[in-house]
Amino acid sequence: MIREVFFLRAIACLSIVLGHSISSSLNWYPFLGAESKLAVDVWRTVTELLLFGTPMFVFISALVLSHAYPKGTPQGFLLKRTKYILVPYFIMGVFYAALACAIEGAFATLPGKIWDHIVLGQFHGYFIVIIFQFYLLHTVFHKVIRTVPLKKLLLYSLLVNAGYLLAVAVLWKKAAFPVSVWWLPFSAWIFYYVLAYHVGQNLDWYRRKLSPYGLQLGIGSVVAAVAVLLSARTGIFPFGSKRVDVLVYTVLLCFFIFGLASRAKRVPRWLETVSSYSFGIYWLHVFFIAVLHKAFKFLPQGLREHSNLSLYILYLFITALLLSMAATYLLTRHPAGEFIVGKLGVRVSGKRGGNPAQGQNLTVAK
């Protein structure tokens, strides 16, 4: 068990929920026209600063994978992850396709929506497609590092990852790239995997090296965040987390959080809880954000009229988070629910969140 992962996973999870709450509010808040330009710009800036969420999940998944299986994968490795990770991907892909059709009032387009979600990964679950590529890679990666030193692979993977993302940016500007699929190949994420593999194989070394440099890593993260904001303003890259500047930003932020977590005497209970429920939260929060938006019009008129953009964002964020956790808890009380939202993750105590009797933890899916 890697204690630092609880911090990383909880922060990544909360950043994704908050980012989707903000972007949904900027699209759906019924009184957005009455908001000041400053308020809208501030929240749009926050959204850009939260782009590290999905890449951090990728890094975490590879880190736990490397630490748990340093010399290869056991028998049944892929089968177990197919049951509890890939099956939920298919189920939730169909579910969100149906939800999109219901919102648009166009159920005739359902087959096409299902194709877009499951095959092209055009919904927030695309993360699973990337992780499964890493599962496949991990089954042979320990053989690769016997012939190519891991430090060299770090450099090679950085060049491949950065080169691919830069090429995408150039082609995107020329409208010459298939936007629907470019983020799915592992070449868009390979550096996260190789770096996390290195961390997982050298945990104590990274703890010693990162812990004393919290200030420097914090400053580096701030500088990288400013670069992300500047590139977003100039339109150099397509909006989203699949960019070279976000890669640098995410790595520095991961190291900053990892270093601080290494010095922490304990994992706060609320971080443990969010980390344990993170996979279910990841799947369900988008649904609850959509439901809460619809429910907003049924709130008392006075309450709605005295709301503002910030309160609406907090309303979506906090309520969607709590409802996702509650739904995950209820679903995982039943064996079939694990095929919808996966298993709950372990806590520091070694017990599963909400249900200590559950089977093997699949933290690598988070």
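Residues numbered from 1 in each chain as written. Predicted model: local features only at pLDDT ≥ 70, side-chain atom pairs only at ≥ 80, totals over all residues. Heavy atoms only, no water.

**Concerning the overall build of the protein**
Scanning the protein from terminus to terminus reveals 16 helices and zero strands. The C-alpha atoms of the protein give 20 Å as radius of gyration, which agrees with the globular expectation for 366 residues (21 Å, within 12%). Dimensions along the principal axes, computed over C-alpha positions, put the protein at roughly 65 × 50 × 45 Å. Taking all 366 residues of the protein together, 53% fall into the buried category. Restricting to contacts in the protein with at least 6 residues of sequence separation, those with at least 24 account for 81%. For the protein, the exposed area adds up to about 16,600 Å²; of that, 69% sits on carbon and sulfur atoms. Here the protein carries 34 positive and 11 negative side-chain charges, and the mean point of each set is 12 Å from the other. (Helix = DSSP H or I, 4+ residues; strand = E, 2+ residues; numbered from the N terminus. Rg over C-alpha atoms; globule rule 2.2 N^0.38 Å. Buried < 20%, exposed > 50% of the residue type's maximum accessible area, 1.4 Å probe, protein only. Contact = heavy atoms within 4.5 Å. Areas by Shrake-Rupley, 256 points an atom, 1.4 Å probe, with all protein chains shown as cover. Lys, Arg positive; Asp, Glu negative; His and termini not counted. Charge placed at Lys NZ, Arg CZ, Asp CG, Glu CD.)

**Some remarks on the packing of aromatic side chains**
Summed over the entire model, instances satisfying the criterion amount to 31 aromatic pairs. Between Tyr-282 and Trp-283, the ring centres sit 5.9 Å apart and the planes meet at 75 degrees, which makes this aromatic pair edge-to-face. Of the two residues examined, Tyr-282 and Trp-283, each falls in the buried class. Above the face of the Tyr-84 ring, Lys-343 is positioned so that its terminal group lies 4.5 Å from the ring centre. (Phe/Tyr/Trp six-rings, centres within 6.5 Å; stacked < 30°, edge-to-face > 60°. Lys NZ or Arg CZ within 6 Å of the ring centre and 35° of its normal.)

**Some thoughts on helix α8 (residues 190-201)**
For α8, built from 12 residues, the straight-helix expectation of 16 Å at 1.5 Å per residue is met to within 8% by its first-to-last C-alpha distance of 17 Å. Counting buried positions along α8 gives 11 out of 12 residues, so the element sits mostly inside the fold. Among the residues of α8, Ile-190, Phe-191, Tyr-192, Tyr-193, Val-194, Leu-195, Ala-196, Tyr-197, His-198, Val-199 and Gly-200 are the ones counted as buried. (Expected span 1.5 Å × (residues − 1).)

**Points about the side chain of Ser-21**
Among the secondary structure elements, Ser-21 is positioned in helix α1 (residues 3-28). Ser-21 gets classed as buried once you look at its relative accessible area, which sits at 0%. In terms of polar contacts, Ser-21 uses its side chain to reach the backbone carbonyl oxygen of Val-17, at 2.8 Å. When sequence neighbours within four positions are dropped, the list of residues in contact with Ser-21 reads Ile-289, Ile-313, Leu-316 and Phe-317. (Polar contact = N/O pair within 3.5 Å; in protein donor to acceptor, adjacent residues only side chain to side chain.)

**A closer look at the packing of α1 against helix α13 (residues 278-296)**
To characterise two packed helices, one gives the angle between the axes of the helices and the distance between these axes. For the pair α1 and α13, interaxial distance at closest approach is 10 Å and the crossing angle is 20 degrees. What the angle tells us is that α1 and α13 run roughly parallel. Here α1 and α13 pass one another in a crossing that is right-handed. For the pair α1 and α13, the contacting residues are Arg-9, Cys-13, Ile-16, Val-17, His-20, Ser-21, Ser-24 and Trp-28 in the first and Ser-278, Ile-281, Tyr-282, His-285, Val-286, Ile-289, Ala-290 and His-293 in the second. (Axes fitted to C-alpha atoms, helices over the stretch in contact; angles between N-to-C directions. Parallel < 35°, antiparallel > 145°, perpendicular 65-115°, else oblique. Left-handed = near helix turned anticlockwise from the far one by under 90°.)

**Here we look at the nonpolar core**
Formed by 110 residues in total, the largest nonpolar core has its most connected members in Met-56, Phe-59, Tyr-193 and Phe-255. For this core, the element with the most residues is α1, which contributes 13 residues. Ignoring sequence-local partners within four residues, the contact set of Met-56 consists of Leu-8, Ala-12, Thr-250, Leu-253, Cys-254 and Ile-257. (Core = buried A, V, L, I, M, F, W, Y, C linked by side-chain atoms within 4.5 Å.)

**Focus: the packing of helix α2 (residues 37-49) against helix α15 (residues 309-332)**
Running from N to C, α2 and α15 point in directions that differ by 35 degrees, and their axes come no closer than 10 Å. On α15, the residues touching Ala-39, Val-40 and Trp-43 of α2 are Leu-309, Ser-310 and Ile-313. Of the residues that constitute the contact of α2 with α15, the class distribution is five nonpolar, one polar and no charged. (Nonpolar A, V, L, I, M, F, W, Y, C, P; charged D, E, K, R; others polar.)

**As for the environment of Tyr-315**
With respect to the element layout, Tyr-315 can be found in helix α15. Sequence-wise, Tyr-315 and Ser-25 are 290 residues apart; in three dimensions their C-alpha atoms are separated by 10.0 Å. A distance of 2.6 Å separates the side chain of Tyr-315 from the backbone oxygen of Leu-292, its partner in a polar contact.

**Here's the deal with a nonpolar patch on the surface**
Taken together, the side chains of Leu-311, Leu-314, Ile-318 and Leu-322 make up a nonpolar region of the molecular surface, amounting to roughly 360 Å² of accessible area. Topologically, Leu-314 is positioned in helix α15. Among the residues examined, Leu-314 registers a relative accessible area of 40% and is labelled partly exposed. (Patch = residues over 30% accessible without salt bridge, like charges linked within 9 Å, V, L, I, M, F, W, Y side chains within 5 Å. Salt bridge = Lys/Arg side-chain N within 4 Å of Asp/Glu carboxyl O.)

**Brief notes about the confidence of the model for the protein**
Taken residue by residue, the protein gives an average pLDDT of 88. The fraction at 70 or more is 93%. Segment residues 354-366 is flagged for pLDDT under 50; beyond a separation of four residues in sequence, or across chains, it makes 52 contacts in the model. (pLDDT = per-residue confidence, 0-100.)

**Topic: the state of the cysteines**
Each disulfide consists of one covalent bond between the sulfur atoms belonging to two cysteines. Here the structure, examined in full by the defined rule, presents zero disulfides. Left without a disulfide partner, Cys-13 is nearest to the cysteine sulfur of Cys-254, which lies 15 Å away. (Disulfide = S-S within 2.5 Å.)

**Focus on α2**
Taking 1.5 Å as the rise per residue, α2 with 13 residues should run 18 Å; its terminal C-alpha atoms sit 18 Å apart, in good agreement. Residues of α2 that are buried include every one of Val-40, Trp-43, Thr-45, Thr-47 and Glu-48, and no others. Among the structural elements, α1, α10 (214-234) and α15 are those in contact with the buried residues of α2.

**Here's the deal with the pattern of salt bridges**
Applying the stated criterion across every chain yields a total of nine salt bridges. Across the pair Arg-269 and Glu-272 runs a salt bridge whose closest N-O atoms are separated by 3.9 Å. One end of the pair is Arg-269 and the other is Glu-272, both in helix α12 (residues 269-276) and three residues apart, which spans about a single turn. For Arg-269, a relative accessible area of 60% puts it in the exposed group. Note on Glu-272: relative accessible area 8%, which makes it buried.

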